[in-house]
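# A structural walkthrough
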Amino acid sequence: MKTLVLNTLGKEALDQVNALIKDKEVEVVDTSDMKIAHCMGCNQCWLKTPGICAINDDYEKIIKKLVETEILWIVSDTRFGFLDYKGKRVMDRIMPMLNMTIGFRDGWMRHELRYHPLNVGLLYKGPADQMMMEDWCNRTAANIGGRSLGAIDIDYNAKQVVDAMEEKPVVAGRPEHLVIINGSPRVAKFSNTDKIIHSFVKGLEEEGVTWELHNLSDRKLWDAARDAFLRHGRILIAFPLYVECVPSLMLEFLSILPTGRQVPCQLSFLLHGGMDEGNEFRLAQRFLQGLPAQLGCSYGGTLIKGGSFRIRTTTGEERAKMVAPWVPMGKLFAQKGSFLTPEAERFIGPEQYPWWVRKMVSLLFLKKVNRGFEGFAKSLGCTRRLDDKPYSR
Ligand SMILES: Cc1cc2nc3c(=O)[nH]c(=O)nc-3n(C[C@H](O)[C@H](O)[C@H](O)COP(=O)(O)O)c2cc1C
């Protein structure tokens, strides 16, 4: 079985990596000086050129290696108790290894594998939430059909736990003005987050709350977003789930924010993703609970809902129906000032579908949904099968 190690720490971790991995069948790739962009969520690798990423950079070499690999280790630094953006980035780009089409595997709805299962492990350096790192490995490996090899701290001499940050008191009462940051890497025009935000703000407006929107998909706008983050007291970051947590692009933005601030601030989150069930979002929710204190803010809760992938593939009334539930949540946020309410907690829906719902979805809907994806791919000009294997020998 071939093993690939993606060392995002470069020379800094080379000795530890070599000490841990002595097998000749192991290939260590130093990604620290490779040109690797963030996944921008364009979905071309699923819908337009199945299996081939639209970004023309060094990651193509990695995908070609992954196709011949069964074991993947990621070597990463940490930030906010989790992988840093460079470690997360190499995993966010792994999408071409999966197909657009979905099915149930081990009781959970998942994308089908384009090639074969991958076992995934993590070697990390720096303070981290060990449980969160292990959970991330379990979830990520399961998504790609494999099992987790565990999360191992290679920073033997350092303190092993994240410093407990001082909890800031919740900023009570209705907001007058809300700064909204769209953390999706996808250009705003195509972003599902953008459509959800525009539904949510209708509820804010009904209650007289003003708002401004900043998009992280365009780096030229980061200075303005950072400035708004520092000057205002009520911030909402809305974003899509990417490989079980925050998109690497958003992690990079968060890592350039100063941790001290003059203006007291409450930071809330609006989280959504392609899969329907609540369990999908629990790791990211845990990450978000600990994040505001590390940025000098208080936590205003996280509003979560799955099933957002299809927003982009729908139009007109069907799309309006999909985003409508976010309007009353905007109104509620305006009234209560946070998502720390029972109504917001319930919004996530069922944790897992009962077995008979899974069976029914499998029998009655999945074929239709997958055919819908094929139709949508054709409309984008795709001429290949969605399960094409461009790098297979
Ligand atoms: C790289 C990548 C990773 C993703 N990982 C997940 C995931 O782990 N779970 C999930 O439910 N959806 C996942 N999705 C789906 C997105 O969350 C979903 O399509 C969302 O609607 C995209 O919103 P946007 O258009 O604003 O970017 C992923 C999408 C991409 C591109």
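Every chain is numbered on its own, with residues counted from 1 as its sequence reads. For a predicted model such as this one, the threshold for reporting local features is a pLDDT of at least 70, and the threshold for listing and counting side-chain atom pairs is 80 or more; totals across whole chains, interfaces and linings nevertheless cover every residue.

Before going further, it helps to spend a moment on the site of the ligand. We call a residue near a molecule or strand when its C-beta atom, built from the backbone, sits within 6 Å of it. Every one of the 23 residues lining the ligand counts as a neighbour, but Ser184, Thr193, Pro240, Gly273 and Gly274 are closest to it. A per-class count over the shell around the ligand returns eight nonpolar, ten polar and five charged. Two domains share the shell around the ligand, each providing at least three of its residues, namely domain 1 (3-153) and domain 2 (177-346). When residues are grouped by polarity, Ala, Val, Leu, Ile, Met, Phe, Trp, Tyr, Cys and Pro land in nonpolar, Asp, Glu, Lys and Arg in charged, and all others, Gly among them, in polar. What marks off one domain from the next here is an automatic or database domain assignment.

A few words now on the environment of Leu6. Secondary structure elements follow DSSP: runs of H or I no shorter than four residues count as helices, runs of E no shorter than two count as strands, and numbering proceeds from the N terminus. Along the chain, the position of Leu6 falls in strand β1 (residues 3-7). With C-beta atoms placed from the backbone, a residue is buried if 20 or more other C-beta atoms are within 10 Å of its own, exposed if 12 or fewer are, and partly exposed between those counts. The buried category is assigned to Leu6, around which 24 C-beta atoms lie within 10 Å. For Leu6 and Asn119, which are 113 residues apart along the polypeptide, the C-alpha to C-alpha distance reads 13 Å. Remark: residues whose backbone-derived C-beta atoms lie within 7 Å of one another are considered to be in contact. Among all residues touching Leu6, those that are not within four sequence positions of it are Val29, Thr31, Ile62, Ile74, Val75 and Val90.

With that out of the way, let us pick up the packing of helix α5 (residues 130-143) against helix α9 (residues 282-294). Here an angle of 0 to 180 degrees is reported between the N-to-C directions of two axes, which are lines fitted to C-alpha atoms, with helices fitted over the stretch in contact. Their axes nearest at 10 Å, the elements α5 and α9 cross at an angle of 155 degrees. By the angle between their directions, the pair α5 and α9 is classed as roughly antiparallel. For the pair α5 and α9, the sense of crossing is left-handed. Seen from α5, the contacting residues are Met132, Asp135, Trp136 and Arg139; seen from α9, they are Leu283, Arg286 and Phe287. Across the contact of α5 with α9, the residue classes break down as four nonpolar, no polar and three charged. Just so you know how the angles are binned, under 35 degrees is roughly parallel, over 145 roughly antiparallel, 65 to 115 roughly perpendicular, and the rest oblique. Should the near helix be turned anticlockwise from the far one by less than a right angle, the crossing is left-handed, and should it be turned clockwise, the crossing is right-handed.

As a measure of interface size, the accessible area lost when the parts come together is often cited. Taken domain by domain, the chain holds domain 1 (3-153) and domain 2 (177-346). Just the C-alpha atoms count here: the centres of domain 1 and domain 2 sit 26 Å apart. On the domain 2 side, the residues contacting the 21 residues of domain 1 number 23 residues. Classifying every residue of the side of domain 1 that touches domain 2 gives ten nonpolar, four polar and seven charged.

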